[in-house]
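Residue-level structural notes
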Amino acid sequence: MQASDHRHSAQGGRVVYWGTGRRKSSVARVRLVPGNGQLIINGRPGELYLQFNPTYLNSVKAPLETLGLDTEYDILVNASGGGLTGQADSIRLGVARALCQLDPENRKPLKIEGYLTRDPRSKERRKYGLRKARKAPQYSKR
């Protein structure tokens, strides 16, 4: 196995596929492990972590559902930074990247659905003399 190859045998000899996703200020390190479709984020069940929000849950599992693998792999995630929206989108990207490692044939359908596109939008830095990135103090003529 090469150093650049991200998959390795761990957890009792099972093959693990890795993917890293980023969105806004969130980073998600995702592992795909053969299992029955569980989602575990930071040691907690995914439904609990994402507050039972169907939008976030569907977003995270969408790449697996596109390929019809939603009940064949467990998703284990370490997520940090940002809020739930950023974390959910970063997990989705991480899952899609891990699926590309699983089989290079998976890349095309994931690319068509847009799951491999890293969303570059992030919060703009604050500039001096302004209240936020672009909001200026109220103008007073006198």
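Residues numbered from 1 in each chain as written. Predicted model: local features only at pLDDT ≥ 70, side-chain atom pairs only at ≥ 80, totals over all residues. Heavy atoms only, no water.

Here we look at the overall build of the protein
- A count of helices and strands for the protein gives 4 helices and 6 strands.
- Shown N-terminal to C-terminal, the secondary structure of the protein runs as helices and strands in the order β-β-β-β-β-α-α-β-α-α.
- Relative to the 2.2 N^0.38 estimate, which gives 14 Å for 142 residues, the radius of gyration of the protein is 19 Å and therefore markedly larger than a compact globule would have.
- Taken along its principal axes, the extent of the C-alpha atoms in the protein is 75 × 35 × 30 Å.
- Looking at the protein alone, contacts between residues at least 24 apart form 62% of all its contacts between residues at least 6 apart. (Helix = DSSP H or I, 4+ residues; strand = E, 2+ residues; numbered from the N terminus. Rg over C-alpha atoms; globule rule 2.2 N^0.38 Å. Contact = heavy atoms within 4.5 Å.)

Side note on helix 2 (residues 54-67)
- Taking 1.5 Å per residue, 14 residues should reach 20 Å; helix 2 reaches 20 Å between its end C-alpha atoms and fits that length.
- Where helix 2 bends most, the angle comes to about 50°, and this point is Lys61, followed within four residues by the proline Pro63.
- For helix 2, every residue scored as buried is listed here: Tyr56, Leu57, Ser59, Val60, Ala62, Pro63 and Leu64.
- At its buried positions, helix 2 is contacted by strand 4 (39-41), helix 1 (46-49), strand 6 (73-80), helix 3 (84-102) and helix 4 (107-113).
- The N-cap of helix 2, judged by a side-chain oxygen 2.9 Å from the amide nitrogen of Thr55 a few residues on, is Asn53.
- Taken from the residues just after helix 2, Gly68 is the one with a positive phi, measuring 75°. (Expected span 1.5 Å × (residues − 1). Bend = angle between axes of the 7 residues up to and from the residue. Buried < 20%, exposed > 50% of the residue type's maximum accessible area, 1.4 Å probe, protein only. Polar contact = N/O pair within 3.5 Å; in protein donor to acceptor, adjacent residues only side chain to side chain.)

A closer look at unusual backbone geometry
- Despite not being glycine, Lys24 has its phi angle at roughly 55°, a positive value.
- Within the element layout of this structure, Lys24 appears in the loop between strand 2 (14-23) and strand 3 (26-34).
- Positive phi, normally seen in glycine, also occurs at Phe52, with a value near 55°.
- As for its position among the elements, Phe52 is in the loop between helix 1 and helix 2.

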